[in-house]
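Breakdown of the fold
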Amino acid sequence: KLVKLYKDLGIKEIKTDNSVCVDIDINTNKLNGLTMIIEQAMSNGLKLTILGIENGEQYGLLRKYSQEVYMQGYYFHHPMDLNELVELLKSIINN
């Protein structure tokens, strides 16, 4: 219901809090809740960013949604400033 309300209000993108991913790899209730959020966002045409992906187990549980949602967290890379990002991208392009 809440996700549909966001759409009705003209909100086009939502982000989860980091705490949503905590323990999804060991707590099926939390995983089911996050899965419900993902599916509701997808069915209502909202962009979703999931924050707090900290390990491979969490990513593995959500990987099937990787084409539909954005994911952020230390599993992918630590936070960085713009200069660090530019250097990282240069190193990836040059390799």
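See the structure printed just above.
To keep things clear, this report deals only with the structure shown in the data block. (Residues numbered from 1 in each chain as written. Predicted model: local features only at pLDDT ≥ 70, side-chain atom pairs only at ≥ 80, totals over all residues. Heavy atoms only, no water.)

A short note on the side chain of Gln58
Here is the rule we go by: Helix and strand definitions here come from DSSP, where helices need a minimum of 4 consecutive H or I residues and strands a minimum of 2 consecutive E residues; each element is numbered from the N-terminal end. Three labels apply to residues, based on accessible area from a 1.4 Å probe with only protein chains included: buried if under 20% of the type maximum, exposed if over 50%, partly exposed otherwise in between. Only heavy atoms enter the contact rule, under which two residues are in contact if any of them lie within 4.5 Å.
Tracing the sequence through the fold places Gln58 in helix α3 (residues 56–62). With a relative accessible area of 4%, Gln58 lands in the buried category. Excluding anything up to four places from it in sequence, Gln58 contacts Cys21, Val22, Asp23, Ile24, Asp25, Gly52 and Ile53.

Considering the sheet that holds strand β2 (residues 47–50)
The criterion, for reference: Only when DSSP finds a minimum of two bridges between them are two strands counted as paired.
The parallel open sheet is built from 3 strands, whose spatial order is β1-β2-β3. Here the strands that pair on one side only, and so sit at the sheet edges, are β1 (13–15) and β3 (70–71). Where β2 and β3 come together, 2 bridges link them in parallel fashion. Looking at β3, one finds that Ile50 is bridged to Met71.

Section: the nonpolar core
Let me state the cut-off plainly: Here, nonpolar core refers to any group of buried Ala, Val, Leu, Ile, Met, Phe, Trp, Tyr and Cys residues whose side-chain atoms link them within 4.5 Å.
Of all hydrophobic cores here, the largest spans 17 residues; its most connected members are Leu34, Ile38, Leu48, Ile50, Ile53, Leu62 and Val69. Elements that contribute at least two residues to this core include exactly α2 (28–43), β2 and α3. For this core, the element with the most residues is α2, which contributes 4 residues. Leaving out residues up to four positions away in the same chain, Leu62 has contacts with Cys21, Ile24, Leu31, Leu34, Ile38, Ile50, Ile53 and Met71.

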